[in-house]
Amino acid sequence: MKLPVLVSFAHSEEFALTVSEMAGAWSLMLDSGAFTNWSTGKEVVKLDAYRAFLLRHGRLFARYLNLDVIGDPVASRRNFDALRDAGLSPVPVFQRGGAAQELRRMVREAGFVCIGGISRNPQAQAEQAYMRQTLSIVRQEGGSAHLLGVTGLSSLRALRPASCDSSTWSVADRFGRADLWSGYAFLPVKRKALKPTLARGRALRSFGVTWEELRDPEAWKTKKRSDGTVATGAARMLCARSWMRYSRTLARQGTALYLATQKMFYNHESLLAAWEKEKHRWTKQPSRT
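First things first, this report covers the structure right here in the doc. Note that this is a predicted model, so its numbers are computed, not measured. Sequence order as written defines residue numbering, which begins from 1 separately in each chain. Reporting of local features is limited, given that this is a predicted model, to residues whose pLDDT is at least 70; pairs of side-chain atoms are given and counted only at 80 or more, and all residues count toward the totals for whole chains, interfaces and linings. Excluding hydrogens and water, the side-chain figures rest on all heavy atoms present in the structure.

1. With respect to the packing of helix α4 (residues 73-85) against helix α5 (residues 100-110)
So, step 1. Every axis corresponds to a line fitted to the C-alpha atoms, with the helix fit spanning only the stretch in contact, and the corresponding angles, defined between N-to-C directions, vary from 0 to 180 degrees. Secondary structure elements follow DSSP: runs of H or I of four or more residues count as helices, runs of E of two or more count as strands, with numbering from the N terminus. One way to put it is that α4 packs onto α5 with a least axis distance of 14 Å and a crossing angle of 10°. Classified by the angle between their axes, α4 and α5 sit roughly parallel to one another. Where α4 abuts α5, its residues R77, F80 and R84 lie against E102, R105 and E109. Note that the term roughly parallel is reserved for angles under 35 degrees, roughly antiparallel for angles over 145, roughly perpendicular for angles of 65 to 115, and oblique for everything else. Note on definitions: a residue-residue contact is assigned when non-hydrogen atoms from the two residues lie within 4.5 Å.

Structure, rendered in structure tokens:
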């Protein structure tokens, strides 16, 4: 059983290759960087460069996404066809506002699609309706789907997509909050308001972490040492390990949660450090319960 990890090509070809070194232990999905192109208004990722990279290294990734042009379904389709014509198998991305007929065509052609355009509040009634409708169409066509940016347990249990992704595991040193996975729910732990409870105490013990460690300001920092290595704070490590356990919980219900790794804020180094602590859970057979 492999840990699902998502990396964006927008971070650079070199970083994508760095992450690909973990292909033996991690199931890797490559995001094309289409959202970066859209959000910056610049062509950070060009089709020719992305296609060339996939032709050389695409085999290292379990899946790789089409280079969409958000807001332009014609250009997105053109890029998809260009990658397919090169002998590649990109995952098409259905954006909000697209026609149901186009979604059906994507599923028939690829079998697996990504659903985009979901807001930062996926619990909202309109978002839930959008996800139910798109997933219903995907399943009618005999396919499966990845929900981009959806990670809430209640939504995932109700919708049961094939996969989803999140970067929330890395919030500890940026926002002073660690998400502590108890085995059935996340218990927030805040740097400025540490509130020991029995439930949090039990969860902390399962990670071998103490309240004293979390009271240390250094626990909430991740920084480079003088020798060039990275020291991951206890809170950041706790958050990353919690999300790995949450990902494993979801895997038992049939949903792969991809943890997004990035080169800023020493994210990738923290994920690697957390993996060393948690990999034994992934290399044994998952529980049937």
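2. As for the side chain of N66
So, step 1. The topology assignment puts N66 in the loop between β3 (63-64) and α4.
So, step 2. Given a relative accessible area of 3%, N66 falls into the buried group.
So, step 3. Throughout this description, a polar contact denotes any pair of N or O atoms lying within 3.5 Å of each other; where both atoms belong to protein, one of them has to be capable of donating a hydrogen while the other can accept it, and for residues adjacent in sequence the pair is counted only when both atoms sit in side chains. From its side chain, N66 meets the backbone oxygen of S76 in a polar contact 3.2 Å long.
So, step 4. Leaving out residues up to four positions away in the same chain, N66 has contacts with S32, S76, N79, F80, L83, P90, V91 and P92. Only protein chains enter the accessibility calculation, which uses a 1.4 Å probe. A residue is then buried if its area is under 20% of the maximum for its type, exposed if over 50%, and partly exposed in between.

3. Describing the pattern of salt bridges
Pairing is possible between side chains that carry opposite charge, provided their charged atoms lie close to one another.
So, step 1. Note on definitions: salt bridges are taken to be side-chain nitrogens of Lys or Arg within 4 Å of carboxyl oxygens of Asp or Glu. Across all of its chains, the model carries 16 salt bridges by this definition.
So, step 2. Between E13 and R56 there is a salt bridge whose closest N-O contact spans 2.8 Å. Within this pair, whereas E13 is found in helix α1 (residues 13-20), its partner R56 is found in helix α3 (residues 47-57), the two being separated by 43 residues in sequence.
So, step 3. The exposure class assigned to E13 is partly exposed, which follows from its relative accessible area of 26%.

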